[in-house]
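So the chains spell out like this:
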Amino acid sequence: MPRAKKQATETNNEIKKEIKTIGVLTSGGDSPGMNAAIRAVVRKAIDNGMQVKGIKKGYQGLLNEEIVDMDSHSVSDIIQRGGTILGTARCKEFTTLEGQKKGADICRKHGIDGVVVI
């Protein structure tokens, strides 16, 4: 195996070991395809042995700790539905450094190692 590819593989393996739980949220306004994206994130994460936490109502839901466990059942039969099953909202507080620090603290509290934002 070429050296660069071997290093990339080792780096990817290290990341997989570190990230055990991801959060997924939708931000901004509803749009077509959001549910399909949520479904893809949840299923791929589960296939990679990760746990998934759904964050309702975007960044506002993160700051309010509206966080739910997700599994393959929670994303079944959603791709044909419009909008987002998680809901979305705008959040002025998250645009501040204090709001972002609060969000990071909440992620740590819930064991969330990374967030996928749609």
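Here, every reference points to the structure presented above.
Scope of this entry: the structure provided in the associated data block. (Residues numbered from 1 in each chain as written. Predicted model: local features only at pLDDT ≥ 70, side-chain atom pairs only at ≥ 80, totals over all residues. Heavy atoms only, no water.)

1. Some remarks on the pairing of strand β1 (residues 21-25)
In step 1: Of all five residues making up β1, five are buried, and the element is well covered by its neighbours.
In step 2: Of the two faces of β1, the one lined by T21, G23 and L25 and the one lined by I22 and V24 are each fully buried.
In step 3: Regarding the hand of the β-α-β motif, the stretch spanning β1, helix α2 (residues 34-47) and strand β2 (residues 51-55) is right-handed.
In step 4: Where β1 lies against strand β4 (residues 114-117), four bridges are found, and the strand directions are parallel. Within β4, the position partnered with I22 by the bridge is G114. (Buried < 20%, exposed > 50% of the residue type's maximum accessible area, 1.4 Å probe, protein only. Helix = DSSP H or I, 4+ residues; strand = E, 2+ residues; numbered from the N terminus. Right-handed = clockwise from strand over helix to strand, strands pointing away. Pairing = 2+ DSSP bridges.)

2. Notes on unusual backbone geometry
In step 1: With a phi angle near 60°, K57 is a residue other than glycine that sits in the positive phi range.
In step 2: With respect to the helices and strands, K57 occurs in the loop between β2 and α3 (58-63).
In step 3: A relative accessible area of 42% places K57 in the partly exposed class.
In step 4: The residue E65 is not glycine, and still its phi comes out positive at about 60°.
In step 5: Its place among the elements puts E65 in the loop between α3 and β3 (67-70).

3. Some details on the packing of aromatic side chains
In this description, an aromatic ring pair is defined by two values, namely the gap between the centres and the angle between the planes.
In step 1: As enumerated under the stated definition, the model contains one aromatic pair in all.
In step 2: On the basis of an interplanar angle of 15° and a centroid distance of 4.2 Å, the ring pair of Y59 and F94 is categorised as stacked. Here Y59 is found in helix α3, whereas its partner F94 is found in the loop between β3 and α4 (97-109), with 35 residues between them in sequence.
In step 3: On the accessibility criterion, F94 (18% relative accessible area) is buried. (Phe/Tyr/Trp six-rings, centres within 6.5 Å; stacked < 30°, edge-to-face > 60°.)

4. Quick word on the pairing of β2
In step 1: Burial analysis of β2 places four of its five residues in the buried class, the great majority of the element.
In step 2: Note that β1 and β2 share five bridges and pair parallel. Across the sheet, T21 pairs through a bridge with Q51, a residue of β2.
In step 3: Two elements, β2 and β3, share four bridges in a ladder whose sense is antiparallel. Bridging from a neighbouring strand, G54 pairs with V68 of β3.

5. Notes on the sheet that holds β1
In step 1: Taking strand neighbours across the sheet as the criterion, the four strands line up as β3-β2-β1-β4 in an open arrangement whose pairing is mixed. The open sheet has two free edges, formed respectively by β3 and β4, since each of these has just one partner strand. Taken pair by pair, the neighbouring strands of this sheet meet at an average axis angle of 30°, ignoring direction.
In step 2: Taken strand by strand, α2 contacts β1, β2, β3 and β4, and its axis lies near 175° from that of β1. (Axes fitted to C-alpha atoms, helices over the stretch in contact; angles between N-to-C directions. Contact = heavy atoms within 4.5 Å.)

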